[in-house]
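Analysis of the macromolecular model
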Amino acid sequence: MGEATRIRATVKDGQTEVKMLMQHEMETGQRKDAAGNKIPAWIITDVKVLHEGRTVLEAQFGTAVSKNPYLVFRFMGGAKGEKISVLWTDNRDDKRMDETVID
Amino acid sequence: MERRKALKTGGSLGLLGVLAVLGLVPGSASAGVGRAALEAGNLNDAFDALGVSLPENSELIKLTLPDVAENGAVVPVTVESSLAHIEQISILVDKNINVLAANFIIPKGVAGFITTRIKIGQTATVVALVKADGKFYRASKEVQVTQGGCSA
């Protein structure tokens, strides 16, 4: 279990904007350590965002998403106090779910 | 007996297990592109894996990223499109070892808008691929990279 994803969701003019910062190394598998050994890839592969249980975004990441992945997207609707959940899975099968409410 | 067994199984699955059963946990079995697309080594292979032949350029896709990236490890990218019925947005970097950086499935009622941050190994062309109403469209932009991001 990695550290908590920081999530901020705000509704304005009938549209909700969700910003999130996941905490993950996102090691590409292309780097070598000081001894010349390849550092194995360690990346978030799948992300899902739910609004009150309904999927509003699904993402698949490759190795080129930056360390501590940052995402912003918008969906129609949403109201203050409604729940936003962010779930991710990495290639070591570690998983994390974090929640916030729309502000 | 059956019910008791089901309850017991439910209990041992734990929260994530139950969420997985409900289809709430993202995983390789979920919709979207396969890992083959995410491991493609050039644009053509990535397009093949995504099921795209030759995507049309579209002025309805706005791809925003810096002209020059001093640090290739963190390059902000925004894709915004006013195409109707957007289903999918993908971000590709032609010179990266794995060209497909990320793929997004856009359900109904979700804006054609994504901002994220990606790694770019060397000066390259970034391609935003948007699937709308079953068809693929693209927009591209070159970015000069001063310090590469794949080994950083």
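Every chain begins its residue count from 1, and numbering advances along the sequence as written. Both sets of labels track the order of writing: A upward for chains, 1 upward for ligands. Residue-level local features of this predicted model are given only where pLDDT is at least 70; pairs of side-chain atoms are given and counted only at 80 or more, and the full residue set underlies all totals for whole chains, interfaces and linings.

Brief notes about the overall build of chain B
For clarity, the threshold we go by: The numbering of helices and of strands both runs from the N terminus, where a helix is a DSSP run of H or I of at least 4 residues and a strand a run of E of at least 2. The exposure label follows from counting other C-beta atoms within 10 Å of a residue's C-beta, where the C-beta atoms are placed from the backbone and the thresholds are 20 or more for buried and 12 or fewer for exposed, leaving partly exposed in between.
Assigned secondary structure in chain B consists of three helices and nine strands. Mapped from its N terminus to its C terminus, chain B presents α and β elements in the order α-α-α-β-β-β-β-β-β-β-β-β. Counting every position in chain B, which comprises 152 residues, the buried fraction comes to 38%.

As for the interface of chain A and chain B
For the record, the criterion: Whether two residues are in contact is decided by their C-beta atoms, placed from the backbone, lying within 7 Å. Each residue gets one of three labels, nonpolar for Ala, Val, Leu, Ile, Met, Phe, Trp, Tyr, Cys and Pro, charged for Asp, Glu, Lys and Arg, and polar for the others, Gly among them. Think of it this way: DSSP has to see at least two bridges between two strands before they count as a pair.
Tallying the contact residues gives 33 residues for chain A and 35 residues for chain B. Listing elements by their share of the side of chain A that touches chain B, those giving two or more residues are β3 (44–51), β4 (54–61), β5 (70–76) and β6 (83–90) of chain A. Here the side of chain A that touches chain B is built from residues that sort into 17 nonpolar, 10 polar and six charged. Here β5(A) pairs with strand β7 (residues 110–118) of chain B via four bridges, running antiparallel. Residue F75(A) lies in a different strand from β7(B), and its bridge partner there is V110(B).

Looking at the sheet that holds strand β4 (residues 75–81) of chain B
Put simply, the rule reads: The angle between two axes is taken between their N-to-C directions and runs from 0 to 180 degrees, where each axis is a line fitted to C-alpha atoms and a helix contributes only its stretch in contact.
Taken in spatial order, the six strands of this open sheet run β1(A)-β2(A)-β5(A)-β7(B)-β4(B)-β2(B), and their pairing is antiparallel. Of all strands in the sheet, those bounded by a partner on one side alone are β1 (6–12) of chain A together with β2 (61–64) of chain B. In this sheet, neighbouring strand axes are inclined to one another by 10 degrees on average, regardless of whether the strands run parallel or antiparallel. Relative to β7(B), β4(B) is paired through six bridges, and the arrangement is antiparallel. Note that in β7(B) the partner of E80(B) across the bridge is F113(B).

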